[in-house]
Amino acid sequence: MDGRQQKRPRGGGRVRNAVLWDALRTVLDRIAPEDGPRDVVDVGGGTGGFAVPLAELGHRVTVVDSNPDALAALERRAAESGVRVRSLQGDAIDLPDLLGPDAADLVLCHSVLEYVDDPAAAMTALTGTVRPGGSVSLLTAGQVAAALHRAIAGHFDDARRVLTGTSGRWGEGDRMPRRFTRETLSSLVRGAGLRVAELHGVRIFADLVPSGLADADADSAEALIALESVAAVHPVLRDLATQLHLVADKPVS
Ligand SMILES: C[S@@+](CC[C@H](N)C(=O)[O-])C[C@H]1O[C@@H](n2cnc3c(N)ncnc32)[C@H](O)[C@@H]1O
């Protein structure tokens with residue numbers, strides 16, 4: 001497994017996703033320290049941006065998504081990559097019926113909690129799906145970053161509404177139904193009986209600097225990745241990230 005774990009995701013977005021993939025590799029190393037694939041369930045896995053690279057690493061991956069078109073695109077992507085990914089249409093809340101209890105060593109739920117009807121109920125379903133000793137990887141939109149980005153664009157009232165509203169939205173035109181802070185996400189996780197293991201800020205500077213600077217040359221991209229890696233766990237800067245990545249563990253007993 002070691003050789004495969006070192007494999008980097010293909011395609012663009014490496015600067016924006018480097019912190020996330022480093023964190024996922026660390027989780028997989030922890031739950032699969034020896035040889036052998038692990039069972040991964042990607043809830044709301046969409047077109048397979050995470051599922052297919054994880055299958056390429058050798059894991060047994062199941063995607064549960066409510067959108068049949070996304071699943072069709074996932075199946076094409078998996079076929080083109082020469083890997084098998086099981087796809088199931090369904091709602092996150094129906095995971096217990098779809099997969100049964102303790103079905104996965106690792107459950108991904110990336111950019112989905114923003115959209116579900118009831119995040120607490122979805123978290124309970126995720127918790128039931130992961131085995132004791134396993135982990136849940138959550139990625140959500142960051143509330144503080146949204147305020148920063150609106151303010152930098154000159155939308156000061158929007159920025160204030162993002163910070164003062166409970167759902168972290170800037171108004172009716174905001175297409176994001178819900179955003180999270182470190183506190184609201186951690187509290188959701190604890191409420192479902194999981195332990196917060198790690199919290200990373202994803203895209204702290206990458207979405208603030210002009211893309212021309214970030215992509216100017218390979219050295220700039222590497223320097224930005226190194227900066228993002230340090231900032232991701234900085235106690236102040238991580239709260240400013242466009243996305244919050246939380247790894248939660250399910251206790252063994
Ligand atoms: C923004 S996309 C994220 C896709 C993928 N997880 C990623 O990070 O690239 C959100 C995905 O969640 C799915 N989704 C939204 N609500 C859902 C729900 N209640 N249950 C299952 N999937 C859901 C959508 O169909 C979509 O594929």
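Please refer to the structure placed before this passage.
Keep in mind that this is a model prediction, so the values were computed, not measured.

## Regarding the overall build of the protein chain
Looking only at helices and strands, the protein chain has 11 helices and seven strands in total. Taken over the C-alpha trace, the protein chain has a radius of gyration of 18 Å; the compact-globule value for 253 residues is 18 Å, and the two agree within 12%. Along the first, second and third principal axes, the C-alpha atoms of the protein chain reach 50 × 40 × 35 Å. Within the protein chain, the proportion of its 253 residues that are buried is 50%. About 11,800 Å² of surface is accessible on the protein chain, with carbon and sulfur atoms providing 52% of the total. Charge-centre separation for the protein chain: the mean point of 28 positive side chains lies 0 Å from the mean point of 34 negative side chains.

## Focus on helix α7 (residues 143–152)
All of the buried residues along α7 are Gln143, Ala145, Ala146, Ala147 and Arg150. The inward-facing, buried residues of α7 contact β5 (130–141) and α8 (156–164). Phi turns positive, to about 90 degrees, at Gly154, one or two residues after α7.

## Thoughts on the site of the ligand
By nearness alone, 14 residues border the ligand, and Gly44, Asp65, Asp91, Ala92 and His110 come closest of all. With respect to the ligand, the backbone of Ala92 contributes an N or O atom lying 2.9 Å from a nitrogen atom. Computed on the free molecule, the ligand has an accessible area of 600 Å², of which 75% lies beneath the protein chains in the complex. Within the shell around the ligand, the residues separate by chemical class into four nonpolar, eight polar and two charged.

## Side note on a negative patch on the surface
Where like charges cluster on the molecular surface, the negative patch consists of Asp91, Asp94, Asp97, Asp117 and Asp118. By the secondary structure assignment, Asp117 is in the loop between β4 (104–110) and α6 (119–129). Exposure remark for Asp117: the relative accessible area of 79% places this residue in the exposed category.

## Brief notes about the pattern of salt bridges
Here the structure, examined in full by the defined rule, presents 15 salt bridges. Two residues, Asp22 and Arg25, come together in a salt bridge whose shortest N-O distance is 2.7 Å. Of the two residues, Asp22 and Arg25 both sit in helix α2 (residues 14–31), three residues apart, roughly one turn of that helix. A relative accessible area of 29% places Asp22 in the partly exposed class. Judged by its relative accessible area of 10%, Arg25 is buried.

## Remarks on unusual backbone geometry
The phi dihedral of Ser111 is positive, around 60 degrees, even though this residue is not glycine. Take Ser111: it is sitting in the loop between β4 and α6. Despite not being glycine, Arg203 has its phi angle at roughly 70 degrees, a positive value. With respect to the element layout, Arg203 can be found in the loop between β6 (195–202) and α10 (211–214).

## Some points on the packing of aromatic side chains
Across all of its chains, the model carries one aromatic pair by this definition. Taking the ring centre of Trp170 as reference, the NZ or CZ of Arg150 above it sits at 3.9 Å.

## Some thoughts on the environment of Ala197
Structurally, the position occupied by Ala197 is in strand β6. Placed 61 residues apart in sequence, Ala197 and Val136 show a C-alpha to C-alpha distance of 9.7 Å. When sequence neighbours within four positions are dropped, the list of residues in contact with Ala197 reads Val247, Ala248 and Asp249.

## Some details on the nonpolar core
Grouped together as the largest cluster of nonpolar side chains are 29 residues, with contacts concentrated most on Leu113, Met123, Leu126 and Leu138. Sorting the residues of this core by element identifies β1 (39–43), α5 (95–99), β4, α6, β5, α9 (182–191) and β7 (243–249) as the ones contributing at least two each. Residue contributions to this core peak at four residues, all from α6. When residues no more than four places from it in sequence are discounted, the contact partners of Leu126 are Val43, Leu95, Val107, Cys109, Val136 and Leu138. Formed by 27 residues, the second largest nonpolar core is a distinct cluster that contains Leu20, Leu24, Val63 and Val83.

Here is what the cut-offs are and how they apply
Residues numbered from 1 in each chain as written. Predicted model: local features only at pLDDT ≥ 70, side-chain atom pairs only at ≥ 80, totals over all residues. Heavy atoms only, no water. Helix = DSSP H or I, 4+ residues; strand = E, 2+ residues; numbered from the N terminus. Rg over C-alpha atoms; globule rule 2.2 N^0.38 Å. Buried < 20%, exposed > 50% of the residue type's maximum accessible area, 1.4 Å probe, protein only. Areas by Shrake-Rupley, 256 points an atom, 1.4 Å probe, with all protein chains shown as cover. Lys, Arg positive; Asp, Glu negative; His and termini not counted. Charge placed at Lys NZ, Arg CZ, Asp CG, Glu CD. Contact = heavy atoms within 4.5 Å. Near = heavy atom within 4 Å. Polar contact = N/O pair within 3.5 Å; in protein donor to acceptor, adjacent residues only side chain to side chain. Nonpolar A, V, L, I, M, F, W, Y, C, P; charged D, E, K, R; others polar. Patch = residues over 30% accessible without salt bridge, like charges linked within 9 Å, V, L, I, M, F, W, Y side chains within 5 Å. Salt bridge = Lys/Arg side-chain N within 4 Å of Asp/Glu carboxyl O. Phe/Tyr/Trp six-rings, centres within 6.5 Å; stacked < 30°, edge-to-face > 60°. Lys NZ or Arg CZ within 6 Å of the ring centre and 35° of its normal. Core = buried A, V, L, I, M, F, W, Y, C linked by side-chain atoms within 4.5 Å.

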